[in-house]
Amino acid sequence: MDENIIHNNFLLQVDNGNTPYLMEAAKWAKFLSIIGFIICGLLVLTGVFSGSFFASLARADSELNAMGSVGTAFFTVWFVLCALLYFFPSYYLFNFASKMQIAVKNNDQISLNDSFKSLKSCLKFWGILLIIILCFYALAMVFAMLGSALIG
C-alpha cells in the first residue's frame, strides 16, 4: 500500500537544462521518421516494379511462365508487407517528434506525455519485432541442425 502512495506522489519535471536535448532528439526523430516514410514508399514502388519485372520475365521465357505469376505475387506482397512493417514505427516516431516539439515550445504537459507515449509505442513495436525475428532465427538454426543431423 505504501509503495503505491510513493509511486503516485513521484513527480518528474523537465527543467530548462533538458529542453535543448529534447528538442534535438525531436528533430532527429522527425528526420528519421521522414526517411522511414520515404523508405516505405520506395519499398512499395519496388514491390510494384519487381512484380512487373517478374511478369515480363515470365512472358519472355515459357519455362518461367508458371513461376512468373507466383514470383510476381510473392515479391509484390513481400515488399508491401515490409513497407507496412516499417510504416508503423516511422509513424510513432513522427508523432513523438511532432508532439515533443509542441510540448517544448508551448510548455504543454499533455503533449509531452503524448510524445513519450508515442516513443514507448515505437520502441515496443521494434522490441516485439526483434523478438519475432530472433525466434525465426532460432527456428532456422534448429531446422538447420536437424537437417544436417539427418543428412550426416
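Every chain begins its residue count from 1, and numbering advances along the sequence as written. The predicted nature of this model means local features are confined to residues of pLDDT at least 70 and side-chain atom pairs, given and counted, to a pLDDT of 80 or more, with totals for whole chains, interfaces and linings taken over all residues. The basis for every side-chain value is the complete set of non-hydrogen atoms in the structure, without hydrogens or water.

1. So, the overall build of the chain
The line we're drawing: Counting from the N terminus, the helices are the DSSP runs of H or I reaching at least four residues and the strands are the DSSP runs of E reaching at least two. Exposure is judged per residue with a 1.4 Å probe applied to protein chains only, and the accessible area is read against the type maximum: over 50% gives exposed, under 20% gives buried, and values in between give partly exposed. Working definition of accessibility: Shrake-Rupley area with a 1.4 Å probe, residue cover restricted to the visible protein chains.
If you tally the helices and strands in the chain, you get four helices and zero strands. Per-residue burial for the chain yields a buried fraction of 22% across its 152 residues. A total accessible area of about 11400 Å² is found for the chain, and carbon and sulfur atoms account for 72% of it.

2. A closer look at helix α4 (residues 109-151)
Filter applied, for reference: Helices are assigned an expected span. That span is 1.5 Å times one less than the residue count. For this analysis, a polar contact is any N or O atom pair within 3.5 Å, provided that within protein one partner can donate a hydrogen and the other can accept it, and provided that sequence-adjacent residues contribute only side-chain to side-chain pairs.
Between its first and last C-alpha, α4 extends 63 Å over 43 residues, near the 63 Å set by a 1.5 Å rise per residue. Residues of α4 that are buried include every one of Ser 111, Leu 112, Ser 115, Ser 118, Ser 121, Cys 122 and Leu 129, and no others. Between the side-chain oxygen at the start of α4 and the backbone nitrogen of Ile 110 there is a gap of 3.2 Å, and the oxygen is on Asp 108.

3. So, unusual backbone geometry
Positive phi, normally seen in glycine, also occurs at Asn 107, with a value near 55°. The topology assignment puts Asn 107 in the loop between α3 (65-106) and α4.

4. Description of the environment of Gln 13
Here Gln 13 shows up in the loop between α1 (2-9) and α2 (19-60). For Gln 13, a relative accessible area of 69% corresponds to the exposed category. Sequence separation of Gln 13 and Gln 109 is 96 residues, and the distance between their C-alpha atoms is 9.7 Å.

5. Some points on the packing of aromatic side chains
The description of two aromatic rings rests on the distance between their centres and on the angle between their planes. Quick reminder of the rule: Pairs were defined over the aromatic rings of Phe, Tyr and Trp, the Trp ring being its six-membered one, requiring ring centres within 6.5 Å. Orientation was assigned from the angle between planes: stacked under 30 degrees, edge-to-face over 60, tilted for the rest.
Applying the stated rule across the entire model yields 12 aromatic pairs. Judged by centre distance (5.9 Å) and plane angle (15°), the ring pair of Phe 87 and Tyr 91 falls under stacked. You can see Phe 87 and its partner Tyr 91 sitting in helix α3, four residues apart, about one turn around the helix. Between Tyr 91 and Tyr 92, the ring centres sit 6.2 Å apart and the planes meet at 55°, which makes this aromatic pair tilted. The structure contains a cluster of three or more aromatic residues connected by ring pairs, namely Phe 37, Tyr 86, Phe 87, Phe 88, Tyr 91, Tyr 92, Phe 94, Phe 125 and Trp 126.

6. Observations concerning the confidence of the model for the chain
Heads up, the condition is: Scored from 0 to 100, pLDDT reflects the predictor's confidence in each residue.
For the chain, mean pLDDT is 87; residues scoring 70 or higher make up 83% of the total. The spread of mean pLDDT over the elements of the chain runs between α1, the lowest at 56, and α4, the highest at 95.

7. Considering the nonpolar core
Note the cut-off: Among the buried residues, those of types Ala, Val, Leu, Ile, Met, Phe, Trp, Tyr and Cys that are joined through side-chain atoms within 4.5 Å form a nonpolar core. Throughout, a contact is declared for two residues whenever any of their heavy atoms are within 4.5 Å.
Leu 22, Ala 26, Ala 29, Leu 93, Phe 96, Ala 97, Met 100, Ala 103, Leu 112 and Cys 122 form the largest nonpolar core, which has 10 residues in total. Elements with a minimum of two residues in this core: α2, α3 and α4. Per element, the largest residue contribution to this core is five residues, and it comes from α3. Apart from the residues lying within four places of it in its own chain, the contact partners of Ala 29 are Leu 93, Phe 96 and Ala 97.

8. Topic: the environment of Ser 56
Topologically, Ser 56 is positioned in helix α2. Separated by 16 residues in sequence, Ser 56 and Thr 72 place their C-alpha atoms 9.6 Å apart.

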